[in-house]
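Chain residues, written in single-letter form:
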Amino acid sequence: MFKVFLFLFIFVNSATANEINLFTSRHYESDARLFKKFTDQTGIKINIISGKSKILEKRIFEEGNNSKADILFLADAGALYSAQNKNLFSKIKSEFIKKKVPISLRNDFWVGITKRSRILYYNPNFLSKKEIEDISYEDLSDKKWLNSIAVRQSNNIYNQSLVASMLEHNGVNNTKKWLEGLVNNFARSPQGNDRAQILMVASGEAKLAIANSYYYALMLSGKKGIEQKKAAEKVIPIFPNQLNRGAHINISGAGIIKFSKNKKKAEKFLEFLLTNDSQSEFCSNSFEYPVIDDKGVDKPEYNLSSNFKEDTSIDVSIYGKRQAEAFKLMKKAGWN
Ligand code: FE
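Once a new chain begins, its residue numbering starts again from 1 and follows that chain's sequence as written. Totals for whole chains, interfaces and linings use every residue, but because this is a predicted model, local features are given only for residues with pLDDT of at least 70 and side-chain atom pairs only at 80 or more, for both listing and counting. Water and hydrogen atoms were dropped before computing side-chain values, which therefore reflect all heavy atoms in the structure.

**Section: the coordination of the iron ion**
Turning to step 1, where the next piece is worked out: Ligation of the iron ion by protein atoms is provided by Tyr158 (OH), Tyr214 (OH) and Tyr215 (OH), these donors lying 2.0 to 2.1 Å from the ion.
Turning to step 2, where the next piece is worked out: Any N, O or S atom lying within 2.8 Å of the metal counts as a donor, with the limit raised to 3.2 Å for Na, K and Ca; because water is left out of the atom set, some sites can appear incomplete. We note that the donor set of the iron ion lies within a single chain, spaced as Y-x55-Y-Y.

**Observations concerning the packing of aromatic side chains**
Turning to step 1, where the next piece is worked out: Paired rings are identified among Phe, Tyr and Trp, the last through its six-membered ring, by centres lying within 6.5 Å, and are further divided according to the angle between planes into stacked (under 30 degrees), edge-to-face (over 60) and tilted (the rest). For the structure on display, the rule yields nine aromatic pairs.
Turning to step 2, where the next piece is worked out: Relative to Phe308, the ring of Tyr289 has its centre 5.6 Å away and its plane inclined at 50°; by these criteria the two rings are tilted. Taken as a pair, Tyr289 in strand 9 (residues 289-290) and Phe308 in the loop between strand 9 and helix 14 (317-332) lie far apart in primary sequence, 19 residues in all.
Turning to step 3, where the next piece is worked out: Throughout, exposure labels follow a simple rule: accessible area from a 1.4 Å probe, protein chains only, divided by the maximum for the residue type, with under 20% read as buried, over 50% as exposed, and the rest as partly exposed. A residue is classified by how much of its surface remains accessible, and Tyr289, at 2% relative accessible area, is buried.
Turning to step 4, where the next piece is worked out: Through successive ring pairs, a cluster of aromatic residues spans Phe35, Phe38, Phe269 and Phe272.
Turning to step 5, where the next piece is worked out: For a Lys NZ or an Arg CZ to count as sitting over a ring, it must be within 6 Å of the ring centre and within 35 degrees of the ring normal. Between Lys86 and the ring centre of Phe61, over which it is positioned, the NZ or CZ distance is 6.0 Å. A run of H or I in DSSP counts as a helix once it spans at least four residues, and a run of E counts as a strand once it spans at least two, with each numbered from the N terminus.

**Quick word on unusual backbone geometry**
Turning to step 1, where the next piece is worked out: Despite not being glycine, Asn147 has its phi angle at roughly 55°, a positive value.
Turning to step 2, where the next piece is worked out: The topology assignment puts Asn147 in the loop between helix 6 (129-132) and strand 5 (149-150).
Turning to step 3, where the next piece is worked out: At Phe287, a residue that is not glycine, the phi angle is positive and equals roughly 65°.
Turning to step 4, where the next piece is worked out: Its location among the elements puts Phe287 in the loop between helix 13 (276-285) and strand 9.
Turning to step 5, where the next piece is worked out: On the basis of relative accessible area, Phe287 is assigned to the buried category, the value being 1%.

**Side note on the side chain of Ser154**
Turning to step 1, where the next piece is worked out: For Ser154, the location among the structural elements is in the loop between strand 5 and helix 7 (157-170).
Turning to step 2, where the next piece is worked out: According to the relative accessible area criterion, Ser154 is buried, its value standing at 0%.

**Some words on the side chain of Ser136**
Turning to step 1, where the next piece is worked out: Relative to the assigned elements, Ser136 resides in the loop between helix 6 and strand 5.
Turning to step 2, where the next piece is worked out: Dropping the residues within four chain positions of it, Ser136 is found in contact with Pro240 and Asn241. Every residue pair with non-hydrogen atoms within 4.5 Å of one another is taken to be in contact.

**Considering the packing of helix 2 (residues 29-42) against helix 12 (residues 263-273)**
Two quantities define a packed helix pair, namely the angle between the helix axes and the distance between the axes.
Turning to step 1, where the next piece is worked out: Axes, fitted as lines to C-alpha atoms, cover a helix only where it is in contact. Angles between the N-to-C directions of the axes lie from 0 to 180 degrees. Direction vectors running N to C along helix 2 and helix 12 enclose 120°, while the axes themselves pass 11 Å from each other. What the angle tells us is that helix 2 and helix 12 run oblique. In this structure, the crossing between helix 2 and helix 12 has a hand that is right-handed. Touching Leu34, Phe35, Lys37, Phe38, Gln41 and Thr42 of helix 2 are Lys265, Lys268, Phe269, Phe272 and Leu273, all from helix 12.
Turning to step 2, where the next piece is worked out: Gly is placed with the polar residues, together with every amino acid not listed as nonpolar (Ala, Val, Leu, Ile, Met, Phe, Trp, Tyr, Cys and Pro) or charged (Asp, Glu, Lys and Arg). Partitioned by chemical class, the residues of the contact of helix 2 with helix 12 number six nonpolar, two polar and three charged. By definition in this entry, angles of less than 35 degrees are roughly parallel, angles greater than 145 are roughly antiparallel, angles of 65 to 115 are roughly perpendicular, and the rest are oblique. Rotating anticlockwise by less than a right angle from the far helix to the near helix defines a left-handed crossing, while the corresponding clockwise rotation defines a right-handed one.

**A closer look at helix 14**
Turning to step 1, where the next piece is worked out: A helix is expected to span 1.5 Å for every residue after the first. Over its 16 residues, helix 14 runs 24 Å from end to end, which matches the ideal 22 Å to within 8%, given 1.5 Å per residue.
Turning to step 2, where the next piece is worked out: Where helix 14 bends most, at Gln323, the angle is about 55°.
Turning to step 3, where the next piece is worked out: By the burial criterion, the buried members of helix 14 are Ser317, Ile318, Tyr319, Gly320, Arg322, Gln323, Ala326, Leu329 and Met330.
Turning to step 4, where the next piece is worked out: Buried residues along helix 14 sit in contact with helix 4 (77-85), helix 7, helix 8 (172-184) and strand 8 (249-256).
Turning to step 5, where the next piece is worked out: A positive backbone phi angle near 95° is found at Gly334, which sits one or two residues after helix 14. Values of bend correspond, residue by residue, to the angle between axes fitted over the seven residues ending at that residue and the seven starting there.

**Re the domain arrangement of the chain**
Turning to step 1, where the next piece is worked out: We note that the domain assignment places domain 1 (2-115 + 250-290) and domain 2 (117-247 + 317-332) within the chain.
Turning to step 2, where the next piece is worked out: How far each domain reaches was decided by an automatic or database domain assignment. Relative placement of domain 1 and domain 2: their C-alpha centres are 30 Å apart.
Turning to step 3, where the next piece is worked out: In this complex, domain 1 contributes 16 residues to the contact, which on the side of domain 2 involves 16 residues.
Turning to step 4, where the next piece is worked out: Accessible area that two parts lose when put together, with a 1.4 Å probe and added across both, is what the buried area reports. Taken over both partners, the interface formed by domain 1 and domain 2 buries close to 1300 Å², and the fraction arising from carbon and sulfur atoms is 60%.
Turning to step 5, where the next piece is worked out: For the domain 1 face of the interface with domain 2, the top three residues by lost area are Asp76, Tyr81 and Phe287, together amounting to 40%.
Turning to step 6, where the next piece is worked out: Within this document, salt bridges are pairs made up of a side-chain nitrogen of Lys or Arg and a carboxyl oxygen of Asp or Glu, the two lying within 4 Å of each other. The interface formed by domain 1 and domain 2 includes zero salt bridges.

Below is the structure:
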């Protein structure tokens, strides 16, 4: 009897140890299915703790050494930078990771896992291709787009990253002027999510929408219902700044928590997310782009073309460094 008890004790003890705790602000069921594959391959269980990035960051920071978090997985390079600033991450050591992911999409503390672009959409019933094909982010402040542009609020981190990139490229004064012109061109007071902006263009209430690339593919896939699928079919995505630096790029990425007692397993998990198979899963489920060389990565037919010029001239880390400054200027320009 005692022997059985002892055996059970050891079994349970080792079973609970073979797991990692993943804190994530991503909200896709498909992520969980992909993580299950890792468990099947390695026996390491992934416990998912979901929440908004600021809340997860605060929790790990306050728990400090007692934190059970092994990995923090967040959308937007700015959110990762914020967690890095709180000193939550340990340094990435894996040579595999460093080899797989270009330096513009990672730093010493976190690595991009998926990639997205923040782009424009138009409805060919209301605008001709000629009017739009060579458009840049800079052009959005032009008076010709008065009452034309749909975009979400300034508290949205994707917008803050985009403006941070404008600050980095064009400087403070030009960005101030640009913001004033842009806000003046809004079709309505900013509201709703990225998909709501695409709907505005589909219905003709706005001429141009600003939204992340994967939302369009998500709508087209039908996963958000027939109405949204029909709306997406009416609009055409356009990648800005193709004649110069390329379209704005952002990531969703992860780092290993400094307090983790499972760093080796956590590293193994991040490496798993960067394999061809996992990157293909992200592409076909959440419609993001791979961060690794995309030869050997499968893309679904309704995903957006990945055949466009990307802005690789600045590291995505910059967004985090300049987001607060960007937000202040956006508010000042009247972007609610
Ligand atoms: Fe998103």
